[in-house]
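Single-letter residue listing:
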Amino acid sequence: MVSTTNQPSTPAGLEPVVPVEPAVIGCATCGVEYGEDPAALPEVCPICADERQYVPGTGQVWVTQAELAGRTRIDVAELGPDQWGVHAEGVGIGQTMQVVRTPEGVLVWDPTGLADVATARWIASLGPVLAIVASHPHMYGAQVGWSRALGDAPVLVNTADAEWLQRSDDVVQPWSGSLDLTEGLALRTLGGHFPGSTVAHWPDGAGGAGVLLAGDTIMANPDRRTVSFMRSYPNRLPLSAGVVARIAADVADLHYRAMWSNFSNAITDDADARVQDSARRHVAWVRGEHDDLT
Ligand SMILES: [Zn+2]
């Protein structure tokens, strides 16, 4: 682990985190950015009020980028060749932002809820940013803020989920279905968790073993051998047999041995087969084939 709050010679965590847009306000629970005008905020964050998330018992809390910067530290971990995970402690849901470098440029995936100057400078040093993409609306984070810090790189928002976008901007570009970012890096809409739930397929990743960035679309479990498919993870609402079979079929032909889900949950070997096995397990359970065990 290295901290981007310091550049190489400084001990981790000693330098203050500098926000790109100090006055921008976001939801403290999900970390999604809204805007600078407190009067324009809704009573409750619609993303959190939805059945897939939650508003904390203590009520809705809004927080500025400056406030977040004052209470976090940011860590960057190397996850594989040309692949890093960025974590901003205590910011929003706490996703790991994946940064993937290809010969053509960089993908910023599942952006954190705090865009900071040092991390942006480091990302920019890796190459031109092809796109900033969230796997689904819970992971929008400070996506426009990251774009501001990265030369107005495009923020790709799946049209199937566009109703959840809380901060419109000229850098936001709608897309749907499948989209090739480069010859070796593609977005695919799988749906399930959200209608526009997306994965990024990077066949050259992990040194050619192939990587799937799956967000919450396919969730690697703590056992590191199985995955789950849920409409809501915090509220534990499973998807149907038909939808899970569809998702499994849609990734069956993809080349990937490693899969990274939200929070850096990962399956680092035989991920393709384990996803198919897990889908069969899920389908059997929700169809009642194991009811004798309950
Ligand atoms: Zn929220």
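What comes next is a walk through the structure. (Residues numbered from 1 in each chain as written. Predicted model: local features only at pLDDT ≥ 70, side-chain atom pairs only at ≥ 80, totals over all residues. Heavy atoms only, no water.)

**Brief notes about the layout of surface pockets**
To find leftover empty space, a probe the size of one water molecule is rolled over the atoms. What counts, and what does not: Detection works on a 1 Å grid of protein atoms alone, calling trapped sets that fit a 1.4 Å probe cavities and calling open sets with protein on both sides within 12 Å along at least five of seven lines pockets, with lining residues defined by an atom within 4 Å of a point. Grid points are joined across faces, edges and corners, and a volume is the space filled by probe spheres set on the points. The residue classification treats Ala, Val, Leu, Ile, Met, Phe, Trp, Tyr, Cys and Pro as nonpolar and Asp, Glu, Lys and Arg as charged. All others, Gly included, are polar.
In this structure, the largest pocket spans a volume of roughly 190 Å³. Taken together, 14 residues make up the lining of the largest pocket; nearest its centre are Ile93, Asp216, Tyr233, Pro234 and Phe263. Among the residues making up the lining of the largest pocket, the classes are represented as seven nonpolar, five polar and two charged.

**Looking at helix H6 (residues 271–286)**
Worth spelling out the cut-off: Only runs of H or I of at least four residues qualify as helices and only runs of E of at least two qualify as strands under DSSP, and these elements are numbered from the N terminus. Every helix has an expected span of 1.5 Å times one less than the residues it contains. We call a residue buried when its accessible area falls under 20% of the maximum for its residue type, exposed when it is over 50%, and partly exposed in between, using a 1.4 Å probe and counting protein chains only. Contacts between residues were defined by any pair of non-hydrogen atoms, one from each residue, lying within 4.5 Å.
If you check H6, its first and last C-alpha atoms are 22 Å apart, about what 16 residues at 1.5 Å a residue would give, namely 22 Å. Every buried residue of H6 is listed here: Ala271, Val275, Gln276, Ser278, Ala279, His282, Val283 and Ala284. Close packing links the buried residues of H6 with strand E17 (227–228), strand E19 (237–238), helix H5 (241–251), strand E20 (258–261) and strand E21 (266–267).

**Focus on the coordination of the zinc ion**
Ideal geometry at a metal gives 109.5 degrees between four tetrahedral donors and either 90 or 180 degrees between six octahedral ones. Where we set the bar: In this listing, donors mean N, O and S atoms no farther than 2.8 Å from the metal, or 3.2 Å for Na, K and Ca; water is missing from the atoms, so a site can look incomplete. For four-coordinate sites, all angles between 85 and 135 degrees define a tetrahedron; for four- and six-coordinate sites, opposite donors beyond 155 degrees with the remaining angles between 65 and 115 define square planar and octahedral shapes respectively, and all other cases count as irregular.
Every protein donor of the zinc ion is listed here as Cys27 (SG), Cys30 (SG), Cys45 (SG) and Cys48 (SG), and their distances to the metal cover 2.3 to 2.4 Å. Viewed at the metal, the four donor atoms of the zinc ion are separated by angles of 101 to 118°, and the geometry they form is tetrahedral. For the zinc ion, all donor residues lie on one chain, and their spacing in sequence is C-x2-C-x14-C-x2-C. Note that Cys30 is positioned in the loop between strand E2 (25–27) and strand E3 (33–35) and Cys48 in helix H1 (residues 46–49), a separation of 18 residues in sequence. Assigned by exposure class, Cys30 and Cys48 land together as buried.

**Points about the nonpolar core**
Stated formally: Buried Ala, Val, Leu, Ile, Met, Phe, Trp, Tyr and Cys residues form a nonpolar core when they are joined through side-chain atoms within 4.5 Å.
Among the nonpolar cores identified, the biggest contains 46 residues, and Ile123, Trp146 and Leu150 are the most heavily contacted of them. Here this core gets four residues from one element, more than from any other, and that element is helix H3 (residues 117–126). For Trp146, the residues in contact, after removing those within four places along its chain, are Met97, Pro111, Thr112, Leu114, Ala115, Asp116, Thr119, Ala120, Ile123 and Ile132. Counting 22 residues, the second largest nonpolar core, distinct from the first, contains Leu190, Val199, Phe229 and Val251.

**Some words on empty space enclosed by the protein**
Inspection of every chain in the model, using the stated rule, returns one cavity of 30 Å³ or more. Space inside the largest cavity adds up to approximately 60 Å³. The wall of the largest cavity is formed by 13 residues, among which Ala134, Ser135, His136, Asn158 and Gly196 lie closest to the centre. Ranked by residue count, the leading element in the lining of the largest cavity is strand E10 (residues 155–158), at three residues. A class-by-class count of the residues in the lining of the largest cavity yields seven nonpolar, five polar and one charged.

**Observations concerning the environment of Val44**
Positionally, Val44 belongs in the loop between E3 and H1. By relative accessible area, Val44 is classed as partly exposed at 33%. Sequence separation of Val44 and Val20 is 24 residues, and the distance between their C-alpha atoms is 25 Å. Those residues in contact with Val44 that sit more than four places away from it in its chain are Ala49, Val55, Gln60 and Trp62.

**What to know about a negative patch on the surface**
This is how it is decided: Patch definition: residues with relative accessible area over 30% and no salt bridge; like charges joined within 9 Å; nonpolar side chains (Val, Leu, Ile, Met, Phe, Trp, Tyr) joined within 5 Å. Here the open area of atoms and residues is found with the Shrake-Rupley method and a 1.4 Å probe, where only the protein chains shown may cover a residue. Definition used for salt bridges: Asp or Glu carboxyl oxygen within 4 Å of a side-chain nitrogen of Lys or Arg. In this tally, Asp and Glu contribute negative charge and Lys and Arg positive charge; neither His nor the terminal groups of the chain are included. Charge placement uses NZ in Lys and CZ in Arg. For Asp and Glu, CG and CD serve respectively.
A cluster of acidic residues, Glu104, Asp180, Glu183 and Asp204, forms a negative patch on the protein surface. The topology assignment puts Asp180 in strand E12 (residues 178–182).

**Notes on the pattern of salt bridges**
Scanning the model with the defined rule gives 13 salt bridges in all. Residues Glu21 and Arg148 are paired through a salt bridge, measuring 3.9 Å at the closest nitrogen-oxygen approach. Within this pair, whereas Glu21 is found in the loop between strand E1 (2–3) and E2, its partner Arg148 is found in helix H4 (residues 143–149), the two being separated by 127 residues in sequence. Between Arg280 and Asp277 there is a salt bridge, and its shortest N-O distance comes to 2.6 Å. Linking Arg280 with Asp277, this pair stays in helix H6, spanning three residues, or about one helical turn. Exposure remark for Arg280: the relative accessible area of 52% places this residue in the exposed category. Several salt bridges converge on common partners, so that one network encompasses Glu21, Glu33, Arg148, Asp152, Arg167 and Asp169.

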